[in-house]
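Take a look at the letters that make up each chain.
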Amino acid sequence: MTADDSFNRLDDDAYPAYTMGRAAAMLGTTQGFLRALGEARLITPLRSAGGHRRYSRYQLRIAARARELVDQGTPIEAACRIVILEDQLEEAQRINAEHRRAAESANSTNAA
């Protein structure tokens, strides 16, 4: 991979661009908190060739939401479950909207 390829991938939400230290600093939390999210299976960071954890922007958004809930007093296990359910609901709503658009498109084609 060339340097240009690496820079283009930084726009990819799933690209594991952030080290654990950088991710913790960006979230204003500890590395232990990120490890706890991994143990709770909320996020699974990729590993570098040297075995270091790497996080994507998507994973950081998930971790930030969990941190909000924990900061409000929600136990970490419950916060992780809430975040998972929120993520599943968002995905289901996206799929439903796609099906609705497809049905509306088919109905308008059949009406013509």
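Being a predicted model, the structure only gives us computed values, none of them experimental.

**Brief notes about helix α3 (residues 31-39)**
- Taken together, the buried positions of α3 are Phe33, Leu34 and Leu37. For α3, the arc enclosing every buried residue in end-on projection is 100°, short of the 170-degree limit, so these residues lie on one face.
- Of the surrounding elements, those touching the buried residues of α3 are α2 (20-27), β3 (53-55), α4 (57-71) and α5 (76-111).
- At the C-terminal side of α3, Arg41 shows a positive phi close to 65°.

**A closer look at unusual backbone geometry**
- Within the chain, Arg41 stands out as a residue other than glycine whose phi angle is a positive 65°.
- In this fold, Arg41 is placed in the loop between α3 and β2 (46-47).

**Remarks on the nonpolar core**
- Leu34, Leu37, Leu42, Ile43 and Tyr55 are the most contacted members of the largest nonpolar core, which totals 19 residues.
- Ranked by residue count, the leading element in this core is α4, at 5 residues.
- Not counting chain neighbours up to four residues away, the residues in contact with Leu34 comprise Met20, Ala23, Ala24, Leu27, Tyr55 and Ala63.

About the criteria used
Residues numbered from 1 in each chain as written. Predicted model: local features only at pLDDT ≥ 70, side-chain atom pairs only at ≥ 80, totals over all residues. Heavy atoms only, no water. Buried < 20%, exposed > 50% of the residue type's maximum accessible area, 1.4 Å probe, protein only. Helix = DSSP H or I, 4+ residues; strand = E, 2+ residues; numbered from the N terminus. Arc of directions from axis to C-beta. Contact = heavy atoms within 4.5 Å. Core = buried A, V, L, I, M, F, W, Y, C linked by side-chain atoms within 4.5 Å.

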